[in-house]
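The residues making up each chain are set out below.
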Amino acid sequence: MILEGSCRCGAVRFSCDSHTPQPFMLCYCSICRKTAGGGGYAINLGADARTLKIEDPDNAIAVYRAEILDDDGLCEVSTGQRNFCSRCATALWLYDPTWPELVHPFSSAIDSELPVPPSRVHLMLKFKPGWVVPRVEPGDATFELYPEQSIEDWHKSKGLWID
Ligand SMILES: [Zn+2]
C-alpha cells in the first residue's frame, strides 16, 4: 500500500510503500507524546525506507534527535531522527539508521485512508502521565516498555501483512 503524507502547511509532501499500514502501535513515551501526541501518545507506522519520496522544495524539513537518559543516568542522543516541518511543526516520520530498511511515518501526517486496526498495542506506558488513561479494549496488548512483537511481526501474526 502506498502511503501519501504531508505537513499541515503544505511545504512538505512525501510518499512511501508500506507492507504494514495498520495504525495499531500507540507509543506513550515522552518524546512521541510531546512532539507528536497531544492525546497522550503518537502512532508510528512502518514503511520501506528505500521507497521514501520527499517533496520539500523550500527545505522545510528539520530533524530532531532527542536526548535520552540511559540506565546509568548518562545522557545520550537518540539515534532516531524525527523529521518534522520547520514551518508548521508537523511531525512527519522517524528514521533510525540502526534499522536502515525502515522508515516510520507518523499516522497523523498520512493523508491516505488507513485501515482501522482490529486491536491495538499500547507501549511505553511507564512514561505516561497520570491524566492519560489508555483506552484499552478487548484484544489490546499493553507494555510498560517495548512490545514483544515488531510492527512486521504483529501484522504477520494477524494475517494483515500486505505483499
Ligand atoms: Zn509545514
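Structure first, text after, so check above.
Quick caveat, the model's predicted, so the values are computed rather than measured. (Residues numbered from 1 in each chain as written. Predicted model: local features only at pLDDT ≥ 70, side-chain atom pairs only at ≥ 80, totals over all residues. Heavy atoms only, no water.)

Asker: I tried to follow the pattern of salt bridges on my own but got confused; where do I start?
Answerer: Pairing is possible between side chains that carry opposite charge, provided their charged atoms lie close to one another. Tallied over the entire structure, the rule returns four salt bridges. Here Arg-50 and Asp-48 are joined by a salt bridge, their closest N and O atoms 2.9 Å apart. (Salt bridge = Lys/Arg side-chain N within 4 Å of Asp/Glu carboxyl O.)

Asker: What is the right way to look at the sheet that holds strand β12 (residues 102-105) in this model?
Answerer: Backbone hydrogen bonds are what pair the strands of a sheet, in a parallel or an antiparallel way. The sheet built from five strands is open, its strands ordered β5-β12-β11-β10-β7 with antiparallel pairing. Strand pairing shows two members of the sheet lacking a second neighbour, β5 (47-48) and β7 (61-64), which therefore form its edges. In this sheet, strand β11 (residues 91-95) lies alongside strand β10 (residues 81-85) in antiparallel orientation, the contact comprising four bridges. Residue pairing across strands places Arg-82 opposite Leu-94, the latter belonging to β11. (Pairing = 2+ DSSP bridges. Helix = DSSP H or I, 4+ residues; strand = E, 2+ residues; numbered from the N terminus.)

Asker: Sorry, what's going on with the side chain of Ser-119 here?
Answerer: Among the structural elements, Ser-119 can be located in the loop between β12 and β13 (121-123). When near neighbours in sequence (up to four residues on either side) are disregarded, Ser-119 contacts Phe-24, Gly-139, Asp-140, Trp-154 and Lys-158. (Contact = heavy atoms within 4.5 Å.)

Asker: What am I meant to see in the layout of surface pockets here?
Answerer: Picture a little ball the size of a water molecule; that probe, rolled over the atoms, points out where space is still empty. The calculated volume of the largest pocket comes to roughly 1,500 Å³. Taken together, 43 residues line the largest pocket, and the ones lying closest to its centre are Leu-94, Asp-96, Trp-99, Met-124 and Tyr-146. Here the second largest pocket is characterised by a volume of approximately 150 Å³. Lining the second largest pocket, in full, are Leu-26, Tyr-28, Gly-39, Tyr-41, Ile-43, Arg-120, His-122, Val-132, Val-133, Pro-134, Arg-135 and Glu-137. When the residues that make up the lining of the second largest pocket are grouped by side-chain class, the tally is seven nonpolar, two polar and three charged. (1 Å grid on protein atoms, 1.4 Å probe; cavity = no way out; pocket = protein on both sides within 12 Å on 5 of 7 lines; lining within 4 Å. Points joined across faces, edges and corners; volume = space filled by probe spheres on them. Nonpolar A, V, L, I, M, F, W, Y, C, P; charged D, E, K, R; others polar.)

Asker: How should I be thinking about the packing of aromatic side chains in this particular structure?
Answerer: Given two aromatic rings, their pairing is described by the distance between the two centres and the angle made by the two planes. Counting across every chain of the model gives three aromatic pairs. Measuring from ring centre to ring centre gives 3.7 Å for Phe-24 and Trp-154, while their planes differ by 5°; the resulting arrangement is stacked. You can see Phe-24 sitting in the loop between β2 (13-17) and β3 (25-27) and its partner Trp-154 sitting in helix α2 (residues 151-157), a full 130 residues away along the chain. Per residue, the accessibility class of Phe-24 equals that of Trp-154, and both read buried. Directly above the ring of Trp-161 sits Lys-156, whose terminal nitrogen or CZ lies 4.4 Å from the centroid. (Phe/Tyr/Trp six-rings, centres within 6.5 Å; stacked < 30°, edge-to-face > 60°. Buried < 20%, exposed > 50% of the residue type's maximum accessible area, 1.4 Å probe, protein only. Lys NZ or Arg CZ within 6 Å of the ring centre and 35° of its normal.)

Asker: Honestly, the environment of Arg-82 in this entry has me stumped. Any pointers?
Answerer: With respect to the helices, strands and loops of the structure, Arg-82 is situated in strand β10. Residue classification places Arg-82 among the buried residues on the basis of a relative accessible area of 10%.

Asker: What should I look at first to understand the pairing of β11 in this one?
Answerer: Looking along a regular strand, one sees the side chains alternate between the two faces of the sheet. Where burial is concerned, most of β11 is hidden: four out of the five residues are buried. In this structure, the hairpin formed by β10 and β11 is closed by a connection of five residues, where Ala-89 is found at a positive phi of approximately 75°. Bridge count for β11 against β12 is two bridges, and the pairing is antiparallel. Among the inter-strand pairings, Leu-94 is bridged to a residue of β12, identified as His-104. Hairpin connection from β11 to β12: six residues lie between these consecutive antiparallel strands.

Asker: Would you mind showing me how to read the coordination of the zinc ion here?
Answerer: For the zinc ion, the protein coordination sphere consists of Cys-7 (SG), Cys-9 (SG), Cys-85 (SG) and Cys-88 (SG), at 2.3 to 2.4 Å. Coordination at the zinc ion is tetrahedral, judged from the four donor atoms that bind it and the angles of 105 to 117° they form at the metal. Each donor residue of the zinc ion belongs to the same chain, with the gaps between them written as C-x1-C-x75-C-x2-C. Pair noted here: Cys-9 is in the loop between β1 (2-6) and β2 and Cys-88 is in the loop between β10 and β11, with a separation of 79 residues, a long-range link. Exposure remark for Cys-9: the relative accessible area of 45% places this residue in the partly exposed category. Cys-88 sits in the partly exposed class, given a relative accessible area of 26%. (Donors = N, O, S within 2.8 Å, 3.2 Å for Na, K, Ca; no water. Tetrahedral: all angles 85-135°; square planar, octahedral: opposite > 155°, others 65-115°.)

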